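# Commentary on secondary and tertiary structure
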Amino acid sequence: MTAPDAPIPVDLDRKRRRFRRANFIIGSVIVATVILTAILSAFWTPHDPAAISPSEVFLPAGSPGHLLGTDQFGRDVFSQIMVGSQNALFVGVLAVMIAIVIGIPLGGLAAARGGWIEDLLMRISDVIYAFPAVLTAILFVAAFQPGRTPAMVAIGIAYIPIVARVTRGAALSVFQLDFVTAARSYGRSQNFVFWRHVVPNILSVLIVQATVLFALAILAEAALSFLGLGTQPPTPSWGRSLRDAQTLISKAPWLAIWPGLAIAFTVMGFNLLGDGLRDALDPRLEVRNS
Amino acid sequence: MTDTVLQVRDLVVRSAAGTTLVDGISFDLDRRTRTGLIGESGSGKSLTALSIMGLLPEGLTAEGSVILNGRDMLTSPEKQLCAIRGNDVSMVFQEPMTALNPVMRIGQQIAEALRFHQAMSRQDAAERVVDLLTAVRIEEPELRARAFPHQLSGGMRQRAMIAMALACGPDLVIADEPTTALDVTIQAQVLDVLDEQVENFHTALLLITHDLPVVARTTSRVMVMNAGRIVEEGETRAVFSNPTDVDTQALVGSVPPLSRSATVEIEPRQDRDSTEPVISVRNVSRVFPLPRSGFLDERRTVTAVDEITLVVEKGETFGIVGESGSGKSTLARMMIALDIPTEGEIVVNGIDIAETSKHQPLRRQVQMIFQDPMGSLDPRFKVGRIIAEPLRSLRIVGDHRARVTELIDAVELPADSVGRYPHEFSGGQRQRIAIARALAPSPDILIADEPVSALDMSIQTITLDLLAHLKDEYGLTMVFISHDLSVVHEICDRVAVMQRGRLVEEGSVDEVFLNPRTDYTEQLIAAIPRLDGT
């Protein structure tokens, strides 16, 4: 009375994993599209994104030669969006690099040393953490000067505590493992142990964190540029396009819609990628497959 | 009504890749019988248990039939299985800390099954929980029912697990390595409780373990599994005293002599002529500060090692035994300068470990092997690199590649191991990699912290033989730390017994095991489960 090959009645886990897998694929496709667009736009765009054409102002989307229409100066919106992707990637890379290059060593130091060093570092990070990143950036550009680089340096600094905490948390559990003790027993320094044994083993966590911060940095840049504190003309920026479109919203709503969609699409892409990577890089699954 | 609780017929479990993991096994379990299921890891014994519970992990498929009280656990719908699990069949797991929910009180966890299966009121369930906890000999049951798992000791947690498994008066209890994570004296208590309760509840017990003496102590019938098949079954005493199958013979043969019977002949060991001290530990204490419980509270401390004095002589294997928390690992870590004594002095090969500047030269002479061969090898490094690490770190000149090849050969690993990652090896092989790494800088002293505890019995024997052989070949002095007295008995020349940080007894293995001077040592030795059931 038993049916051979009867499926074993388990698993919610599998569904979740399939869902994550879809996230990973969609996220990768979106991120790849953004990166390829950025590279392509460095060599070619349908029109010069800065070229003013008084005869073609406020063309709606779908107009011949202007896929997404034109703005109040007759500039091609599609070309601007394409070039804007360079800016988005630039700010993401800059902010995440700063956060990682400083955050990982600090987190590692806190985990390896413990004691008052850890307390001090974690309290400082609490203080920075207490200010929203965008607020920190506004204070920063107010003190120095508005602009893309200072704004993103500020965002990067604001993200240092996030990276440092994640690093510390993950590193603490790896520092407990016997292979770390073994390395100490044959004389390896804490420094060597952290970079060669601990970091490779927490890399997946860090990559996922970096992806999520990348998305956040793009959002932050858009917000700052919207306020006029971020990317300055003539560099094309999705956030600034939104600001420029603000006064024209009733006359030409597409000027706000397209850059808004570009931001949402890119941020979603990085978030989905991060979410998918979380599963793809999970070492427990590696073990199960082997 | 029949007394048969469980009927397993031609059970086959296959992995997604089509590998046969359990290969057509059949057996019956009757009410009130205690049956052991033994075999090495990977023999399919745990998968058999999971099939009975209807809890096989995803990707595995089962064929055949598993009839529990007339219902097939392989084909019944999940909803029906939920009603069966916990009520008709329940399980006791190896590690009660992870098997219990850490944020739920013990009493609530036990009551959950009662309220779900027997629709008991909250109050009735609470009363029943107290009865159950009393039955498993937990003192102050009302108080303990309100405790969280981490507030109980390991033995208490495991007894609480047993109470939970028995809560609904199941017809079958499956215990998967229920005492493996416990100290030997606690192990005996837990087995007694399990025994007693199975009797009281008229329950069938399936005891799954790789520990043969535990099976001998508890069960009347035993089934031996190997590579997915039942290779031998019969009355426990008969199977162990007279195994017919080669695999069973190998299993029984791998049990250390001390675990076979209480009246073991101890071979006299040859006296070593030299008595040259290589490690001398003088009045050593190690005190760890505990975190303050409140800002203004006084800082409390815990003394892990308490005024220990001992000497390890050149060329001997010195055993340190004790239960968990006795301070034996802390002492070992100090011998290799991974930790520094709070008080006292440790001199290794003439180097005082308090002198930090001498740590590098010290580490050329002393190396360590750890318990968990999975955790002691970095999963991201290839084996060749792992073994060469001490050579690089300690700046030992010479052809590292040749040395690695030589070591791989010495620990009897395949030559192509160099280019592979640790996860491609079995537990025993990984421990060999760790041994090769420890031998790389040609040390004089090897400190082995529970080197075989994580391994299967037969692999333990092979690994111990290898260690003994390498020790002779390289003229090593070995400090061997273990909670397993029978292993220490087999490999060591002298032994020190530790309890709560103190040294309670020290002497030659013969002296200590034949004429223990302290009650504690006597208890430890008496608690060892033995193959002849004594």
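Note that the structure is a prediction, hence the values are computed from the model and not measured.

### Quick look at the overall build of chain B
Helices and strands together make up the secondary structure of chain B, namely 20 helices and 20 strands. Against the 2.2 N^0.38 benchmark of 24 Å for 534 residues, chain B shows a C-alpha radius of gyration of 25 Å, consistent with a compact globule. By its C-alpha atoms, chain B is 75 × 60 × 45 Å across when sized along the principal axes. Per-residue burial for chain B yields a buried fraction of 47% across its 534 residues. Put simply, of all contacts in chain B between residues at least 6 apart along the chain, 69% involve residues at least 24 apart.

### Details of the packing of helix 7 (residues 190–226) of chain A against helix 9 (residues 254–280) of chain A
Axis angle and axis distance: for two packed helices, these are the angle between their axes and the distance between the axes, and together they describe the pair. Residue and element names in this part refer to chain A. Packing of helix 7 against helix 9 brings their axes to within 8 Å, and their N-to-C directions diverge by 165°. Overall, the two elements helix 7 and helix 9 adopt an arrangement that is roughly antiparallel. Handedness of the crossing formed by helix 7 with helix 9: left-handed. On helix 9, the residues that touch Ile207, Val208, Thr211, Val212, Phe214, Ala215, Ile218, Leu219 and Ala222 of helix 7 are Ile263, Thr266, Val267, Phe270, Asn271, Leu273, Gly274, Leu277 and Arg278. Looking at the contact of helix 7 with helix 9 residue by residue, the class counts come to 13 nonpolar, four polar and one charged.

### Some remarks on the sheet that holds strand 11 (residues 277–289) of chain B
All names here are of chain B. Taking strand neighbours across the sheet as the criterion, the four strands line up as 12-11-14-15 in an open arrangement whose pairing is antiparallel. Every other strand in the sheet has two partners, leaving strand 12 (301–313) and strand 15 (351–352) as the edge strands with one partner each. In the sheet, strand 11 pairs with strand 12 via nine bridges, with the strands oriented antiparallel. Of the residues in strand 12, the one forming a bridge with Ser280 is Val311.

### Comments concerning helix 1 (residues 45–53) of chain B
Burial runs high along helix 1 of chain B: seven of the nine residues are buried. For helix 1 of chain B, the set of buried residues is B:Lys45, B:Ser46, B:Leu47, B:Thr48, B:Ser51, B:Ile52 and B:Met53.

### A look at the nonpolar core
Grouped together as the largest cluster of nonpolar side chains are 234 residues, with contacts concentrated most on A:Ala137, A:Ile155, A:Ala217, B:Met335 and B:Val479. If you count residues domain by domain, this core takes at least three from each of domain 1 (4–253) and domain 2 (277–526) of chain B. Residue contacts for A:Ala217: discarding those within four places in its chain leaves A:Val91, A:Gly92, A:Ala95, A:Val96, A:Met152 and A:Ile155.

### Brief notes about the domain arrangement of chain B
All names here are of chain B. Each assigned domain of chain B is listed with its residue range as follows: domain 1 (4–253) and domain 2 (277–526). Taking the mean C-alpha position of each, domain 1 and domain 2 sit 34 Å from one another. Taken together, the elements giving at least two residues each to the side of domain 1 that touches domain 2 come down to helix 8 (184–200) and helix 11 (246–253). Residue classes in the side of domain 1 that touches domain 2 are distributed as four nonpolar, three polar and two charged.

### Here's the deal with the packing of helix 5 (residues 148–175) of chain A against helix 7 of chain A
Residues and elements named next belong to chain A. It is at 9 Å that the axes of helix 5 and helix 7 come closest, and there the two elements cross at 155°. Compared by their axis directions, helix 5 and helix 7 come out roughly antiparallel. Handedness of the helix 5/helix 7 crossing: right-handed. Counted together, Ala151, Met152, Ile155, Tyr159, Ile162, Val163, Val166, Thr167, Ala170, Ala171, Val174 and Phe175 of helix 5 and Val198, Asn201, Ile202, Val205, Leu206, Gln209, Leu213, Ala217, Ala220, Glu221 and Leu224 of helix 7 form the full contact between these two elements.

Definitions and cut-offs
- Residues numbered from 1 in each chain as written.
- Chains lettered and ligands numbered in written order.
- Predicted model: local features only at pLDDT ≥ 70, side-chain atom pairs only at ≥ 80, totals over all residues.
- Helix = DSSP H or I, 4+ residues; strand = E, 2+ residues; numbered from the N terminus.
- Rg over C-alpha atoms; globule rule 2.2 N^0.38 Å.
- Buried ≥ 20, exposed ≤ 12 C-beta atoms within 10 Å, placed from the backbone.
- Contact = placed C-beta atoms within 7 Å.
- Axes fitted to C-alpha atoms, helices over the stretch in contact; angles between N-to-C directions.
- Parallel < 35°, antiparallel > 145°, perpendicular 65-115°, else oblique.
- Left-handed = near helix turned anticlockwise from the far one by under 90°.
- Nonpolar A, V, L, I, M, F, W, Y, C, P; charged D, E, K, R; others polar.
- Pairing = 2+ DSSP bridges.
- Core = buried A, V, L, I, M, F, W, Y, C linked by C-beta atoms within 7 Å.
- Domains from an automatic or database assignment.

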